[in-house]
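# A look at the structure
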Amino acid sequence: MRDTSELTAAAERFADRLRAAPQSRLQRGAATEGLALARELALRAQRLEFPGREPVIMPDAGVFAVADQLVVAATDLAETLRTAPAGSPEGDVGEAVRLVREAEARSGL
């Protein structure tokens, strides 16, 4: 079993920043970055959990929901990664952490 705590901690940190951001900041791109990240993490989790099945795209639930969407997607991916077979194409915890950190940096928060 893999340790995925770094992924969930990074996602929680970014989500906390999104929750604390004013609406104007969210609308200037921070929410867009958060949603894009949540969608990517959700796609990775679905590809691992249901190989061969077409992934479902996470809907846009609005700027005030994006932090929660990010946490849900990251938690789903973390749980899937904990037991994924070694060498899975979507199974790199370090890569997922990097995606979170890069999206947070791009968000300007």
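This structure is a prediction, so every number in the text was calculated from the model and none was measured. (Residues numbered from 1 in each chain as written. Predicted model: local features only at pLDDT ≥ 70, side-chain atom pairs only at ≥ 80, totals over all residues. Heavy atoms only, no water.)

Among soluble globular proteins, nonpolar side chains are generally buried collectively. Counting residues in hydrophobic clusters, the biggest one holds 34 residues, and the most contacted among them are Leu7, Leu18, Leu37, Leu41, Leu70 and Leu77. Counting only elements with at least two residues in this core, the list comes to helix H1 (5-20), helix H2 (23-49), helix H3 (66-83) and helix H4 (93-107). Here the element with the most residues in this core is H2; it accounts for 10 residues. (Core = buried A, V, L, I, M, F, W, Y, C linked by side-chain atoms within 4.5 Å. Buried < 20%, exposed > 50% of the residue type's maximum accessible area, 1.4 Å probe, protein only. Helix = DSSP H or I, 4+ residues; strand = E, 2+ residues; numbered from the N terminus.)

This part takes up the side chain of Gln46. Its location among the elements puts Gln46 in helix H2. Side-chain polar atoms of Gln46 contact the backbone nitrogen of Val56, separated by 2.7 Å. Not counting the four nearest positions on each side in its chain, Gln46 is found in contact with Pro51, Pro55 and Val56. (Polar contact = N/O pair within 3.5 Å; in protein donor to acceptor, adjacent residues only side chain to side chain. Contact = heavy atoms within 4.5 Å.)

The subject of this paragraph is the packing of H1 against H4. Where H1 contacts H4, the axes come no closer than 9 Å and their chain directions differ by 15 degrees. Overall, the two elements H1 and H4 adopt an arrangement that is roughly parallel. The way H1 lies across H4 gives a crossing that is left-handed. For the pair H1 and H4, the contacting residues are Glu6, Leu7, Ala10, Ala11, Arg13, Phe14 and Arg17 in the first and Val93, Ala96, Val97, Val100, Arg101, Ala103, Glu104 and Ser107 in the second. In the contact of H1 with H4, the residues fall into 9 nonpolar, 1 polar and 5 charged. (Axes fitted to C-alpha atoms, helices over the stretch in contact; angles between N-to-C directions. Parallel < 35°, antiparallel > 145°, perpendicular 65-115°, else oblique. Left-handed = near helix turned anticlockwise from the far one by under 90°. Nonpolar A, V, L, I, M, F, W, Y, C, P; charged D, E, K, R; others polar.)

All right, on to the packing of aromatic side chains then. In this structure the tally under the stated criterion is 0 aromatic pairs. Lying across the ring of Phe50, Arg53 places its NZ or CZ 3.9 Å from the centre. (Phe/Tyr/Trp six-rings, centres within 6.5 Å; stacked < 30°, edge-to-face > 60°. Lys NZ or Arg CZ within 6 Å of the ring centre and 35° of its normal.)

Pairs can form between side chains of opposite charge whenever their charged atoms are close. Applying the stated criterion across every chain, the model contains 11 salt bridges. We note a salt bridge from Glu95 to Arg98, for which the minimum N-O separation is 2.4 Å. Of this pair, Glu95 and Arg98 both sit in helix H4, 3 residues apart, which is roughly one turn of that helix. Among the ionic pairs, Arg98 bridges to Glu102, the shortest N-O distance being 2.6 Å. Pair noted here: Arg98 and Glu102 are both in helix H4, with a separation of 4 residues, about one helical turn. Where salt bridges share partners, they join Glu40, Arg44, Glu95, Arg98 and Glu102 into one cluster. (Salt bridge = Lys/Arg side-chain N within 4 Å of Asp/Glu carboxyl O.)

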